[in-house]
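# Coordinate inspection notes
Chain by chain, the residues:
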Amino acid sequence: MADDNGSGGFGWFLAGLGIGALVGVLYAPKSGKETRDDLVAGALDARDRANQMYAQGVEQANQYVEKGKQVAGEYVAQGKQVAGEYVDKGKEYYDKGRSQWTQYVDKGKDLIQNQADAAKAAVEAGKEAYVAKTSEPTSVA
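Residues numbered from 1 in each chain as written. Predicted model: local features only at pLDDT ≥ 70, side-chain atom pairs only at ≥ 80, totals over all residues. Heavy atoms only, no water.

If you tally the helices and strands in the protein chain, you get two helices and zero strands. Counting across all 141 residues of the protein chain, residues that qualify as buried make up 1%. Accessible surface for the protein chain amounts to roughly 12500 Å². Of this, 60% is attributable to carbon and sulfur atoms. (Helix = DSSP H or I, 4+ residues; strand = E, 2+ residues; numbered from the N terminus. Buried < 20%, exposed > 50% of the residue type's maximum accessible area, 1.4 Å probe, protein only. Areas by Shrake-Rupley, 256 points an atom, 1.4 Å probe, with all protein chains shown as cover.)

Right under this line is the structure:
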């Protein structure tokens, strides 16, 4: 059988208190005023006990809330740390990709410049060859 921590037990406590008070009234050899005073004292005692149990419940609930806040704060801190690590890795990969891209662009510029220089040199060589060929005296046979 499950052990209830006060919710069912408190109800049984109040029921027992009521039954005990009824039996006490029926079998008590006291006067009406004494019996009423005893009932009032029993009711006040029951109220004090109920208030005490309520205060304990509130205290325990507050402890659970504080524990929950603490655990949640730890999870938030861990999440921030993991997110920061992923951001750092992302920045690292971005910088690496950017530097590689810059290297490829520079190599492309160098290749284009070399090809342009080679084309200029070929055009100049062609011009010189043309000039040399056209300036030779032609013999007529």
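Having put the structure on the table, let's press on.
On to a negative patch on the surface. On the surface, a cluster of negative charge is made up of Glu85, Asp88, Glu92 and Asp95. Among the secondary structure elements, Asp88 is positioned in helix α2 (residues 32-135). (Patch = residues over 30% accessible without salt bridge, like charges linked within 9 Å, V, L, I, M, F, W, Y side chains within 5 Å. Salt bridge = Lys/Arg side-chain N within 4 Å of Asp/Glu carboxyl O. Lys, Arg positive; Asp, Glu negative; His and termini not counted. Charge placed at Lys NZ, Arg CZ, Asp CG, Glu CD.)

A word on a nonpolar patch on the surface. A contiguous nonpolar patch, built from Ile19, Leu22, Val23, Leu26 and Tyr27 and spanning about 590 Å² of accessible area, is present on the exposed surface. Tracing the chain through its elements places Leu26 in helix α1 (residues 7-27). Looking at Leu26, the relative accessible area reads 60%, which means it is exposed.

Moving on: the environment of Asp38. Within the element layout of this structure, Asp38 appears in helix α2. Residues Asp38 and Ala21 lie 17 residues apart in sequence; the distance between their C-alpha atoms is 8.8 Å.

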